[in-house]
Amino acid sequence: MNIKKISAVLLCMLMLSACGTTGNTVTPDSAAETSSALTETVSKNDIPEIKENFSGNETAARTRGSAAVQLVDDAAASDGRAMFISGRQESWNGAEYPAELFRGNEIEVSGSFRSSNPSIRVSVQYTVMGNTCYNGVFTVETNNSTYSSGDGNFTIPPSAENILVYIESDNLEDIYADEFQVKIKGEYTYLAKPAELGFADTSDYPSLKDTYSEYFRIGAAISPALLEKPEYTELIKAQFNSVTMENNMKPEAIFDHQKTISDPDKYMECPALRFDRFKSELDFARDNGMTVRGHTLVWHSQTPNWIFYKDYKVGGELADRELMLKRMENYIKSVMEWTTENYPGLISAWDVVNEAAADEGGMRKSLWYETIGDDYISKAFEFARKYAPEDAKLFYNDYNSYMTGKQKDILEFLKPIAEAGNIDGMGMQTHINTDINPTMYMIALKKYHTELGVEINITELDVGTQKKGDWEKVQGDYYRDYMQRLVELRKDGVPITSVTLWGVTDALSWRAGEFPLLFNADLSKKPAFDGMIEGATVSRS
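Residues numbered from 1 in each chain as written. Predicted model: local features only at pLDDT ≥ 70, side-chain atom pairs only at ≥ 80, totals over all residues. Heavy atoms only, no water.

Draft legend 1. Expanded view of helix α7 (residues 279-287). Buried within α7 we find Glu281, Leu282, Phe284 and Ala285. Projected onto a plane normal to the axis of α7, the buried residues spread over an arc of 160 degrees and lie on a single side. Downstream of α7 by a residue or two, Gly289 has a phi angle that is positive, lying close to 65 degrees. (Buried < 20%, exposed > 50% of the residue type's maximum accessible area, 1.4 Å probe, protein only. Helix = DSSP H or I, 4+ residues; strand = E, 2+ residues; numbered from the N terminus. Arc of directions from axis to C-beta.)

Here it is, written out as structure tokens:
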């Protein structure tokens, strides 16, 4: 097959940047029309590529959310010009690029950014069977004076549609982009339309929750979109007896920015909150006899940074310790009281603090840390213990918590909290790959119980892999071995009380490019599912 690059004309149509074929900055509508026209024009032998250096007067980037996008002079940029993203009101606001032509392919994405935000993230959004997925491709640490570059790969499912590659940040400061590129990795496959997938019959699958009933609960992360299709809900009800909100109980889903800034004095010590985002998920859990893990109260990410400023004006004066302690307490109190009043007994556990340990060692220097101090973790647990119902367990939750250095830091700041009686459990996220040594993991798991006297939840399990060799068997064997080891520890008296998978299908996973879960996009079971079932019924040799 004669593979060739998109012609200069077509690439210019895609990018609308350096070619200067029009005299106006691209609007979201015109960018969408151009993308649509290009989709119809490009032949199967053309290879799409998005490549911008922002040196001209136009960009193919569309505005995302409240953000404004324009090209500006910038002395710090390599050629003196940059894309400027401003007016962001929520973390997902930014700049986006339509990417339908990349469907079913692995992409390489790179970019160069500067910002007062501590980091910039490039992500992919797409829809599969009516469910919208958001996947991070890479994150780069940034500062406001010099540009920092990053890159990453991601495989877009063949069944995806409404595909966007976009630039965002957890904090709301302006973003400058110097260069941005999306290109194909490996051989290009042209898919004019999303691959059509019917749903597999899942009625004869053995039940995970029944298989592990004598050991621990089996849960899954869910979203409202999943609950709109009966094929998903029937599978979830059959397999799981615990759920976690994938996003809708995180702080950014609860804090109400518009209402708070409408009357800052009224909400000075208690930012306005909203609870409508996760009602459908709580209703589903209640109506189907499931428990819920509340995830999460205090976190550096997916927490709007305006709550840390004295007058809720980002870039102004940070709130002092006393004010932030009042805001933290009132926030935790309000969430606890609302959920207890409206869904009594439903939430079995709360991730009170999430990911407070820094990858480079010590405590993460988040805005919680900066405004309150290094005791913000203990204060969060103190407030949670004060307002949580007696039957709700309080957890600390973190990723890579099996690593020796990180475990040492976590134990150091949790021991005083355990001694005060304010923590009940350790949540081990467990976003791992098939090359992670399970023996090392189990030693770390047991140590949390031994040194803190707490129970253990596996909170966000997914096991990534690459499509190389007999990858499905390797992944299935890993799930089997991992679960067998958990069962052995449970039999030995380690109180592992819950195992939660972070999602349902590979296509809807935040790690979709690593195929980490138990079911394919059409709900057909993978060897990973069989391996997990076997983990409770087959002894390790």
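Now that the structure has been shown, we can carry on.
Draft legend 2. The nonpolar core, seen in detail. Of all hydrophobic cores here, the largest spans 156 residues; its most connected members are Met83, Tyr396 and Leu445. A per-element tally of this core places helix α8 (residues 321-342) first, with nine residues. Setting aside residues up to four positions removed in sequence, Met83 forms contacts with Phe54, Thr59, Ala61, Val69, Gln70, Leu71, Ala95, Tyr97, Ile167, Ile175, Tyr176 and Ala177. Of all hydrophobic cores here, the second largest spans six residues; its members include Val72, Ala77, Phe84 and Tyr147. (Core = buried A, V, L, I, M, F, W, Y, C linked by side-chain atoms within 4.5 Å. Contact = heavy atoms within 4.5 Å.)

Draft legend 3. The arrangement of unusual backbone geometry in detail. Between His295 and Thr296 the backbone carries a cis peptide bond, its omega angle lying at 5 degrees. Here Thr296 shows up in strand β16 (residues 291-299). The backbone of Gln302 shows a phi angle near 50 degrees, a positive value even though the residue is not glycine. Structurally, Gln302 can be placed in the loop between β16 and α8. The class of Gln302 is buried, set by a relative accessible area of 15%. Positive phi values are uncommon outside glycine, yet Glu355 reaches one of about 55 degrees.

Draft legend 4. Seen up close, a negative patch on the surface. Taken together, the side chains of Asp263, Asp265, Asp311, Glu317 and Asp320 present a region of like negative charge at the surface. Mapped onto the secondary structure, Asp320 falls in the loop between β16 and α8. Classification of Asp320 by relative accessible area gives partly exposed; the value is 47%. (Patch = residues over 30% accessible without salt bridge, like charges linked within 9 Å, V, L, I, M, F, W, Y side chains within 5 Å. Areas by Shrake-Rupley, 256 points an atom, 1.4 Å probe, with all protein chains shown as cover. Salt bridge = Lys/Arg side-chain N within 4 Å of Asp/Glu carboxyl O. Lys, Arg positive; Asp, Glu negative; His and termini not counted. Charge placed at Lys NZ, Arg CZ, Asp CG, Glu CD.)

Draft legend 5. Here's a closer look at the pairing of strand β14 (residues 217-222). Taking burial as the measure, the six residues of β14 include five buried ones, the bulk of the element. Here β14 pairs with strand β22 (residues 496-501) via four bridges, running parallel. Residue pairing in the sheet places Ile218 in a bridge with Val499 of β22. As judged from the four bridges shared by β14 and strand β15 (residues 242-245), these two strands associate in the parallel manner. Bridge pairing links Ile222 to Met245 in β15. Taking the sense of rotation as the criterion, the β-α-β connection linking β14, helix α4 (residues 230-239) and β15 turns out right-handed. (Pairing = 2+ DSSP bridges. Right-handed = clockwise from strand over helix to strand, strands pointing away.)

Draft legend 6. Structural context of the pairing of strand β9 (residues 119-128). Counting buried residues along β9, nine of its 10 residues qualify, which places the element largely inside the surrounding structure. Of the strand pairs in this sheet, β9 and strand β10 (residues 131-141) are connected by 10 bridges, and their pairing is antiparallel. In the sheet register, Ser119 faces β10, and the bridge partner there is Glu141. Following β9, the chain reverses through two residues before pairing antiparallel with β10; Met129 in that reversal takes a positive phi of roughly 50 degrees.

Draft legend 7. Spotlight on the pattern of salt bridges. Scanning all chains against the criterion turns up 35 salt bridges. When the shortest N-O distance is used, the salt bridge between Glu168 and Arg121 registers 2.9 Å. In this pair, Glu168 is assigned in strand β12 (residues 161-168) and Arg121 in strand β9, connecting sequence segments 47 residues apart. Judged by its relative accessible area of 18%, Arg121 falls in the buried class. A salt bridge links Asp530 to Lys525; its shortest N-O distance comes to 2.9 Å. Taken together, the shared-partner salt bridges in this structure form one network comprising Lys279, Asp283, Arg286 and Asp287.

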